[in-house]
Amino acid sequence: MYSRRFVVTAAIFCVLAVMGGGAAEPLHTYLTYSDDPTTSIDINVFIERKVPKVTLFYDTESRKGEQAKYAQQMDLPYIQTMLEILDGRACYVAALKNLKPNTLYYFVVGDEKYGYTVERSFRTLPGGNAPLRFINGGDMGVSRRTEKLLKLAGEQDPDFGIIGGDIPYSNGWLGEYKDWERWFKNWDKYMVGRDGRMIPIVTAVGNHEVNHYETDRLEIKSPDYLSLFGRQGSATYHSRRFSDDVVFFVLDSGHLAPQDGAQAEWLAQELEKYRDVKYKFACYHVPLYPTHRPYDGGGSELERKCWGPLFDKYCLTVSFEAHDHVFKRSKPLKGNQVVENGTVYVGDGTFGVDPREVDPTPRWYNEKEGSYAHFWLVNVRPEGVALKAIDEDGNEVDAFTLR
Ligand SMILES: [Fe+2]
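Here goes a summary of the coordinates provided. The structure displayed is predicted, hence computed values, not measured ones.

With that settled, the discussion passes to the overall build of the protein. The secondary structure content of the protein amounts to nine helices and 24 strands. Against the 2.2 N^0.38 benchmark of 22 Å for 403 residues, the protein shows a C-alpha radius of gyration of 22 Å, consistent with a compact globule. In terms of principal-axis extent, the alpha carbons of the protein reach across some 80 × 50 × 45 Å. Burial status across the protein gives 46% buried among its 403 residues.

What follows is the structure, encoded as structure tokens:
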């Protein structure tokens, strides 16, 4: 007979083995863009400690994790980030270039001491005017509702997800990093394409990515967010051309960079540069047309003043807003008036957080509004852009097409 102590010890080992899932691997592995999404991708890898060498093995064929069989390999450069101060975790980024468009790539990445990932995959975007599909939402958190919505979002098989800020609600405090851990775990679990590929993440910064420490140093104001997502552009706002027909302007609603001044000047230049692109989208945190907070709120008013006329001048197609924790679709707007072919503003960031109330009388600029959690699914085709809002039970709560 086994002793009681032996049985208990063996049981604990079994539980730990199941929880641990076997071999060690990097802490986080996730995809972002810092260049042309048809030929490049950034594989971001966080490892428990700084190590001599982190290696990526990749190929257009699955090699089932057998490192020697992958056609390509590269050693990843170490990137110093503020997250290292948390517990010594170190960042490595494979900024892959010259990839083939519309191609599934398989990879494993990691190091000898802390282990390698299982085989993972990503797909480069097709480019040209091929159809694109993406999901958008903001104000996520890490609740059960967030998981339900993320699962539904992953099931749409998007090419990428664009998040309009207030991501896990860690508030720029390294002490709240556990929320990012859970957020990445959720994204990894649910945001998986039908072919098993990882879904790249595009982000705008929200107020809950920033702490209240009084400093001008952005990497101290937002140490976690900038460590994780600060490489998408040279500032906390950036543009991304996803295809011949699609360009995104991802803006900072004054959380790390003021909306006016340099950012507004940059936006004017970028809109001019991409003026002939068929579908122009913007994404940022604080809405120009809020649906819970007051219309004359400071951030909204300032953005209507310094971004609104630019959106109008260059005929922005759709603007993805967040922060107010409600659902809304505006009427087509231009010059703060309802017009036939204006910009449609959708939002407002309830991709997991509790929905807030809307006024009993709808705001003059809204076509639809409501107090429910949702995300947006966007299908872009040469003949038009189709948007759907999907709630946490999978119901389609809105659908419209812009041609
Ligand atoms: Fe917010």
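The six strands lie next to each other as 12-11-10-22-23-24, forming an open sheet whose pairing is mixed. The sheet is open, and its two edges are formed by strand 12 (201-203) and strand 24 (396-402), each paired on a single side. Averaged over all neighbouring strand pairs, the angle between strand axes comes to 20 degrees, with direction disregarded. The sheet contact formed by strand 10 (residues 132-137) and strand 11 (residues 160-163) spans four bridges and is parallel. Bridge pairing in strand 11 places Phe-134 opposite Phe-160.

With that out of the way, let us pick up unusual backbone geometry. With omega at 0 degrees, the peptide bond leading from Gly-347 into Asp-348 counts as cis. Despite not being glycine, Asn-102 has its phi angle at roughly 50 degrees, a positive value. One can find Asn-102 in the loop between strand 6 (90-96) and strand 7 (104-111). The residue Asn-171 is not glycine, and still its phi comes out positive at about 60 degrees. Note that Asn-171 resides in the loop between strand 11 and helix 4 (178-190). The partly exposed category is assigned to Asn-171, around which 17 C-beta atoms lie within 10 Å.

The first and last C-alpha atoms of helix 3 (residues 144-155) sit 17 Å apart over 12 residues, in line with the 16 Å expected at 1.5 Å per residue. Buried within helix 3 are the following residues: Thr-146, Leu-149, Leu-150, Leu-152, Ala-153 and Gly-154. If you follow the buried residues of helix 3, they end up packed against strand 10, strand 11, helix 4, strand 22 (374-381) and strand 23 (384-391). In the segment just after helix 3, Asp-157 is the residue with positive phi, at about 60 degrees.

Calculation rules
- Residues numbered from 1 in each chain as written.
- Predicted model: local features only at pLDDT ≥ 70, side-chain atom pairs only at ≥ 80, totals over all residues.
- Helix = DSSP H or I, 4+ residues; strand = E, 2+ residues; numbered from the N terminus.
- Rg over C-alpha atoms; globule rule 2.2 N^0.38 Å.
- Buried ≥ 20, exposed ≤ 12 C-beta atoms within 10 Å, placed from the backbone.
- Pairing = 2+ DSSP bridges.
- Axes fitted to C-alpha atoms, helices over the stretch in contact; angles between N-to-C directions.
- Expected span 1.5 Å × (residues − 1).
- Contact = placed C-beta atoms within 7 Å.

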